[in-house]
Amino acid sequence: MLSYPGRSRKASSWLLFQSVHCTGLIVWPAVLLSSQYMPSRYTQWMYDWETRLTSVDNNRVVRPLEWGVEWARDWPCRNGYAPGHIPEDGERYLREYNRRIIASSDEFFSYIKPADFRLERREVKVFSTRALPDLALEEKVRGTYTNFLRFTSPVRTPFPENNLVNARWFPARGRRAIVLLPHWNSDALAYTSLCQVLNLLGISVLRLSMPYHDIRTPPEILRADYAVSANIGRTLDACRQAVIDARCCLDWLESQGYRRLGILGTSLGSCYAFLTAAHDSRIQAAAFNHAATYVADVVWHGQSTRHIREGLESQIDLERLRVLWSAVSPASYFEQFARWRKKSLIIYAKYDLTFLPEFSRSAVHEFARHNLHHKVVVLPCGHYTTGETPYKYIDGWHLASFMRTAFES
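Just so we're clear, the structure is a prediction, and the values are computed from it rather than from any experiment.

Asker: Can you help me understand the overall build of the protein in this one?
Answerer: Of the regular secondary structure elements, the protein holds 15 helices and nine strands. Across the 409 residues in the protein, those meeting the buried criterion constitute 58%. Partitioning the contacts of the protein with sequence separation of at least 6, the portion at a separation of at least 24 is 77%.

Shown next as structure tokens:
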């Protein structure tokens with residue numbers, strides 16, 4: 001715990017910074033680096049709480065940089081790279097590919113609609129990413145059955161588990177429905193309460209298991225490491241798959257008679273949700289629960305992704321990484337997002353050490369600059385503490401209230 005009772009606030013703040021700086025655990029917002037800055041007790045308490053929550057998971061794995069150009073074999077927007085031939089300069093190849101993707105993003109996120117949509121009644125499971133799963137929680141849901149939408153993802157990967165899309169179905173009366181994308185490394189029970197609240201408001205929900213998450217996790221990994229990692233190409237591919245899977249969920253909802261469609265994403269799911277809304281005209285309402293402009297900036301500065309940065313920073317810097325992941329960063333697609341009228345909600349946290357507040361404010365600036373219909377909510381907490389009492393209720397209230405009225409003209 002990074003707190004120093006009994007010391008003056010200024011001394012405590014300086015020692016707090018020194019401890020963090022020496023251990024390399026946190027990248028603080030720039031304002032905290034000033035020795036003149038004296039955070040309030042609430043600010044320091046919130047940063048300490050965030051640090052404790054991000055330190056719970058001790059099974060993060062540091063992996064070295066891999067260009068992962070082999071993941072581009074089946075991507076559209078091709079230009080070269082014959083089968084069986086891997087480009088010698090992987091960075092240059094992916095840098096140019098990002099440029100082509102952004103120029104032809106509708107093609108990159110295009111797909112053939114699955115022909116095997118089906119509802120399966122299966123037992124609810126937790127699929128915890130913790131080193132020590134919560135056995136009480138697993139016992140609580142044991143024997144509980146519900147319906148899941150299943151279909152084959154149009155994006156094929158080497159992992160059969162990941163290729164079978166899974167979305168828990170929360171039906172409600174009416175013709176309003178949304179696709180919900182959870183946060184990175186969420187277990188399969190996350191957002192169940194929010195889905196049930198939305199049901200009470202007459203909104204049906206497909207809660208999507210994102211690529212490499214819960215039931216889609218390959219057996220060799222415990223966490224959803226393949227969704228975002230030091231493998232550049234695989235991270236791009238996972239994002240493309242998430243967007244296409246979400247669009248397929250919209251296809252199914254439309255086939256069931258739903259005409260008012262929306263999307264809601266949290267953290268990594270928020271990035272996926274934005275890209276989906278930028279490339280699918282059917283989305284009329286979009287809620288972004290924690291938002292940022294560039295994937296690379298979040299990975300580089302975020303507290304919960306420091307293990308990814310550790311694998312990258314000896315071989316690449318932030319500027320180069322930003323270019324290599326520009327094709328899956330919201331900052332590249334505001335013009336595409338603005339093509340169709342929709343209502344948007346942006347929620348960010350004032351004390352966020354994962355999606356730093358300046359990244360969220362940059363996203364808000366882009367919404368304003370493009371004259372997009374949007375509402376902004378700033379929570380008095382951090383990224384992980386958003387899921388804690390009382391902040392989770394505040395966050396849930398804003399999300400549900402927005403979706404309740406967002407489909408109205």
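Having put the structure on the table, let's press on.
Asker: Please clarify how the packing of helix H8 (residues 232–255) against helix H9 (residues 268–278) should be interpreted in this entry.
Answerer: Think of two packed helices as two axes; the pair is described by the angle between the axes and how far apart they sit. One can describe the packing of H8 onto H9 by two numbers: an axis separation of 9 Å at closest approach and a directional angle of 60 degrees. By the angle class used here, H8 and H9 are oblique. Relative to H9, the crossing made by H8 is right-handed. Counted together, Ala238, Cys239, Ala242, Val243, Ala246 and Arg247 of H8 and Tyr272, Leu275 and Thr276 of H9 form the full contact between these two elements.

Asker: Help me understand the side chain of threonine 385, please; the structure alone is not making it clear to me.
Answerer: With respect to the helices, strands and loops of the structure, threonine 385 is situated in the loop between strand S9 (374–379) and helix H15 (391–406). Taking the relative accessible area as the measure of exposure, threonine 385 reaches 0% and is therefore buried. If we skip the residues at most four places from it in the chain, threonine 385 touches Met46, Trp49, Glu50, Leu53 and Tyr391.

Asker: Whenever I open this one, unusual backbone geometry confuses me. Can you help?
Answerer: Between threonine 389 and the following residue, proline 390, the backbone shows a cis peptide bond with an omega angle of 5 degrees. Phi angles above zero are rare outside glycine, and asparagine 185 is one such case at about 65 degrees. Note that asparagine 185 resides in the loop between strand S4 (176–181) and helix H7 (192–200). The backbone phi angle of histidine 290 is positive, close to 85 degrees, even though this residue is not glycine. Among the structural elements, histidine 290 can be located in the loop between strand S7 (283–289) and helix H10 (295–301).

Asker: Looking at this model, I keep getting lost on the environment of leucine 201. Mind explaining?
Answerer: With respect to the helices and strands, leucine 201 occurs in the loop between H7 and strand S5 (203–208). Along the chain, leucine 201 and arginine 173 lie 28 residues apart, while their C-alpha atoms are 9.1 Å from each other.

Asker: Any chance you could explain helix H2 (residues 41–54) here in plain terms?
Answerer: Residue pairs three or four apart in sequence face the same way in an α-helix, which turns once every 3.6 residues. Taking 1.5 Å as the rise per residue, H2 with 14 residues should run 20 Å; its terminal C-alpha atoms sit 20 Å apart, in good agreement. The buried count for H2 comes to 10 of 14 residues, which makes it a mostly enclosed element. Within H2, the full set of buried residues consists of Thr43, Gln44, Met46, Tyr47, Asp48, Trp49, Glu50, Thr51, Leu53 and Thr54.

About the thresholds
Within each chain, residues carry numbers counting from 1 in the order of the written sequence. Whole-chain, interface and lining totals are the exception, using all residues; otherwise, since this is a predicted model, local features are given only for residues with pLDDT of at least 70 and side-chain atom pairs are given and counted only at 80 or more. With hydrogens and water set aside, each side-chain value is computed from the structure's full complement of heavy atoms. To qualify as a helix, a DSSP run of H or I must reach at least 4 residues; to qualify as a strand, a run of E must reach at least 2; elements of each kind are numbered from the N terminus. Note on exposure labels: buried denotes an accessible area under 20% of the residue type's maximum, exposed denotes more than 50%, and partly exposed covers the range between, all computed with a 1.4 Å probe on protein chains only. By the convention used here, residues are in contact when the closest approach between their heavy atoms is within 4.5 Å. Convention adopted: a line fitted to C-alpha atoms gives each axis, helices being fitted over their contacting stretch, and angles between N-to-C directions are expressed from 0 to 180 degrees. An angle below 35 degrees is treated as roughly parallel, one above 145 as roughly antiparallel, one from 65 to 115 as roughly perpendicular, and anything else as oblique. If you view the pair so one helix is near and one far, a crossing is left-handed when the near helix is turned anticlockwise from the far one by less than a right angle, and right-handed when it is turned clockwise. To estimate how far a helix should reach, multiply one less than its number of residues by 1.5 Å.

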